[in-house]
Amino acid sequence: MAIDSTLSSTPKILIVGAGPSGLTLALSLLRNGVPVRIIEKTTHPRIGQRGAGLMPRSFEVFGLLGIADKVIARGRSIMKLRLWKMPGGVEVLKEMDMQTDTDPTPSIPYPNMRLCGQNNLDAIMQAELKEYGVSVEHGVRLDSFKQFPDHVQVKLSKQKLSTEELEHEDTSYDYVVGCDGAKGVVRKLLGLTFLGQTTEENFVVGDMKLEGLSDDRWHHWGDISDIFTGIRPTEDTGVFNFIIGGTKFENHAEVAANDEVLKSFIEEHTGNQKDMKIKEFITYGHYRTNIRMVNKFWEGRVFVAGDAAHIHSPTGGQGLNTGVQDAFNLGWKLSLVTKGLSPASLLDTYNEERLPVVAEMLNITTGILNATRAAPTGDDAWKRTGALKQLGVNYRWSSIIVDEPKERLAQEGKPHCATSAYYVEVGGEVQAGDRAPDAMALARPSRREGTTSLFKIFDASRHTVLIFSDRIEGYQPFLSLVKAYPSELVRPILITSAGKGFSTDCDVFVDEEGHAQDAYRGPECTSGVFVIRPDGVVGARVGNVDKLVRYFKGVFRG
Ligand SMILES: Cc1cc2nc3c(=O)[nH]c(=O)nc-3n(C[C@H](O)[C@H](O)[C@H](O)COP(=O)(O)OP(=O)(O)OC[C@H]3O[C@@H](n4cnc5c(N)ncnc54)[C@H](O)[C@@H]3O)c2cc1C
Ligand SMILES: *[C@@H]1O[C@H](CO)[C@@H](O)[C@H](O)[C@H]1NC(C)=O
Ligand SMILES: *[C@@H]1O[C@H](CO)[C@@H](O)[C@H](O)[C@H]1NC(C)=O
């Protein structure tokens, strides 16, 4: 992409921490033409896989940020789980699928969880940042900040090259976002609570180079009620990720103390597999599970996202993915407010929308942890399906959402029951607040170009208004309203049934196979206007121009 001249102006937003949350936020802001500064206290790029399980909804975000194909190409699909029989550990107890890979559908192009180590994901995201002329500033740490009504004053320190000395910098920003992980300072300085529990589970986790173990299986010895060792092949040939844990893993500190002890522990616990040779350790560390979240995601002009706001048991693989969703929810709102196009109150909805989702995520992952403890080799402990794909995460209750059919039902005394924030049936009726589904096989009326899909039309830097209509009279009132907004803010798209395409002064797509109708069919197909937010969420579902006005008034200024 071309480097926008506005991107070289002085950033008004500081992102603290360059993990997946900080990098997603930076990409989202840059895509919106908002300059950012992103600092990272470590002096080197991330080493090690850490959270490698990427969920379908994360791929949809990566798609909107233009990096989905790269992440898919760099990673690998999930392999079968192989449980080895204990004691001994040399006979196979059973093998099972953690996920039954399904084929893409017209509305779900990325149906499966995939693996890509965090080190490799970070590298892809950092390379993408460079395309916008922005680099992560490594070796720069946020020490403290002070809030004022119109800015945040920050104190940073920077490791000077070739000396131990620190260089100090005092500067100010309009907004600061703490993507500084579970141990970060931003949450603490804001005085947010981080309530929850520290569980008894201790883990030693890391990456190693290893030979003689099949790399098409995720190997597991032992279980959580005792001691377990998991060894997972990665997308990098010869590199395996390992995790050792369990309630009887009492000498964890000792095991993590040095390479020799760790090596013999793993070899012994995995039954001294005949051909298995640990060549070297790339990285490892000692962890304890915490299950905690903030009471709120912001205070004044400072926000938190990702692990800085929530941590949980590694069961379920939701942590990184949830941080990506936090950042993507905040990115477009912060962009509009920074540009003066939306009132600052839009930022309140970041907390309003994410807090219930994260609370439910914590409950779900704790439930899996409990199931794992209760039946360590049972299917429930291992399946990574359903809600965990995050396609059912929704904001149906949000104050900026407008859903006309539901309002009408409520007026008739038939209110919709409250549903889960984490899981609504995917493929069912799309309501405002839900993930906006994809639809393939959309053609231009001229049929000159090939077909495209909604996910290629949606845009992380503006709203897209899908107007389903086969008649000019049907779409004209909506189109006139949408056109009152600058096209950089809102893009109208007219979708007609097959054979009904016509040329007008707006973007028209013919729904050749009816996929868009299928995915978005409302309770009444005629009330066919859907506003898709820049984060790929349905902001409004309306059949009436006044309701569309209400949505825009809730989001934009003036
Ligand atoms: C062993 C393990 C396995 C996991 N498995 C999974 C999984 O399968 N799926 C999943 O979704 N998640 C998993 N997770 C969780 C996942 O790693 C985290 O949720 C994810 O890294 C959070 O990303 P983040 O960007 O919010 O924070 P982080 O990745 O922690 O990044 C925060 C960054 O901020 C920097 N920083 C901190 N303080 C400052 C400061 N003052 N100034 C400047 N920079 C600062 C840090 O150096 C760090 O780079 C796992 C975690 C662990 C430890
Ligand atoms: C998990 O187990 C703990 C302790 O037994 C219990 O307090 C908690 O309610 C359980 N949570 C879920 C979600 O199952
Ligand atoms: C938490 O999870 C448990 C089961 O794991 C479920 O019974 C309970 O309803 C959930 N609570 C909330 C608030 O979602």
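Residues numbered from 1 in each chain as written. Chains lettered and ligands numbered in written order. Predicted model: local features only at pLDDT ≥ 70, side-chain atom pairs only at ≥ 80, totals over all residues. Heavy atoms only, no water.

Notes on the packing of helix α12 (residues 472-483) against helix α14 (residues 545-555)
No. 1: Look at α12 against α14: their axes get within 10 Å of each other, and the N-to-C directions meet at 20 degrees. Between α12 and α14, the angle is such that the two are roughly parallel. Crossing angle aside, the handedness with which α12 passes α14 is right-handed. Residues P477, F478, L481 and V482 of α12 form the contact with α14, whose own contacting residues are V545, L548, V549 and F552.
No. 2: Classifying every residue of the contact of α12 with α14 by side-chain character gives eight nonpolar, no polar and no charged. (Axes fitted to C-alpha atoms, helices over the stretch in contact; angles between N-to-C directions. Helix = DSSP H or I, 4+ residues; strand = E, 2+ residues; numbered from the N terminus. Parallel < 35°, antiparallel > 145°, perpendicular 65-115°, else oblique. Left-handed = near helix turned anticlockwise from the far one by under 90°. Contact = heavy atoms within 4.5 Å. Nonpolar A, V, L, I, M, F, W, Y, C, P; charged D, E, K, R; others polar.)

Details of the layout of surface pockets
Empty space among the atoms can be located by rolling a probe the size of a water molecule over them.
No. 1: Reported here for the second largest pocket is a volume of approximately 470 Å³.
No. 2: In terms of lining, the second largest pocket is formed by 29 residues, of which the most central are G63, Y110, S453, F455 and K456.
No. 3: Counting residues per element, the ones that place at least two in the lining of the second largest pocket are α2 (56-64), α3 (68-74) and α11 (454-457).
No. 4: Counting residues per element, the lining of the second largest pocket draws most heavily on α2, at six residues.
No. 5: Split by residue class, the lining of the second largest pocket holds 15 nonpolar, seven polar and seven charged.
No. 6: Counting the residues that make up the lining of the second largest pocket, at least three belong to each of domain 1 (13-72 + 115-192 + 292-389) and domain 2 (402-555). (1 Å grid on protein atoms, 1.4 Å probe; cavity = no way out; pocket = protein on both sides within 12 Å on 5 of 7 lines; lining within 4 Å. Points joined across faces, edges and corners; volume = space filled by probe spheres on them. Domains from an automatic or database assignment.)

Quick notes on the UniProt feature "domain: FAD-binding" (unreviewed entry) in the chain
No. 1: In the numbering used here, UniProt assigns the "domain: FAD-binding" (unreviewed entry) feature to residues 12-363.
No. 2: Taken end to end, residues 12-363 is 28% helix and 33% strand, and its first and last C-alpha atoms sit 36 Å apart. (UniProt positions renumbered as here; feature names shortened; annotations may be inferred.)

Some words on the sheet that holds strand β14 (residues 217-222)
No. 1: One open sheet holds the eight strands; their spatial order is β6-β5-β14-β15-β16-β13-β17-β20, and the pairing between them is mixed. Edge strands, defined here as strands with exactly one partner in the open sheet, are β6 (92-96) and β20 (310-311).
No. 2: Pairing analysis gives two bridges linking strand β17 (residues 277-294) to β20, with the strands arranged antiparallel. Across the sheet, M293 pairs through a bridge with H310, a residue of β20.
No. 3: Each of β13 (194-211), β14, β15 (228-233), β16 (239-245) and β17 touches helix α7 (residues 259-269); the most contacted strand, β17, lies at about 90 degrees to it. (Pairing = 2+ DSSP bridges.)

What to know about the pattern of salt bridges
No. 1: Taken as a whole and judged by the stated rule, the model has 33 salt bridges.
No. 2: For K414, the salt bridge goes to E412, with nearest N and O atoms at 3.3 Å.
No. 3: Under the relative-accessibility criterion, K414 is labelled partly exposed at 47%. (Salt bridge = Lys/Arg side-chain N within 4 Å of Asp/Glu carboxyl O. Buried < 20%, exposed > 50% of the residue type's maximum accessible area, 1.4 Å probe, protein only.)

Concerning the packing of aromatic side chains
What characterises a pair of aromatic rings is the spacing of the ring centres plus the angle enclosed by the ring planes.
No. 1: Within this structure, the stated rule accounts for 20 aromatic pairs.
No. 2: Summarising the aromatic geometry, the rings of F242 and F281 are spaced 5.8 Å apart at their centres and angled 70 degrees between planes, so their arrangement reads as edge-to-face. A residue pair is termed long-range when its members are at least 10 positions apart, and F242 in strand β16 and F281 in strand β17 qualify at 39 residues. Neither F242 nor F281 differs from the other in exposure class; each is buried.
No. 3: With centroids separated by 5.9 Å and ring planes inclined at 65 degrees, the aromatic side chains of Y551 and F552 adopt a geometry described as edge-to-face. Residue Y551 shares its accessibility class with F552, and that shared class is buried.
No. 4: Looking at R187, its charged tip hangs above the ring of F194, at a distance of 3.6 Å from the centre.
No. 5: In this structure, R232 packs its charged tip against the face of W218, placed 5.5 Å from the ring centre. (Phe/Tyr/Trp six-rings, centres within 6.5 Å; stacked < 30°, edge-to-face > 60°. Lys NZ or Arg CZ within 6 Å of the ring centre and 35° of its normal.)

Side note on the sheet that holds strand β12 (residues 175-178)
No. 1: Pairing is mixed in the open sheet, where six strands are placed in the order β8-β2-β1-β12-β19-β18. Looking at the sheet topology across the chains shown, the edges are occupied by β8 (137-138) and β18 (298-299).
No. 2: Relative to strand β19 (residues 302-304), β18 is paired through two bridges, and the arrangement is antiparallel. Bridging from a neighbouring strand, W298 pairs with F303 of β19.
No. 3: Set on the sheet, helix α8 (residues 319-338) makes contact with β1 (13-16), β12 and β19; between it and β12 the angle comes to about 170 degrees.

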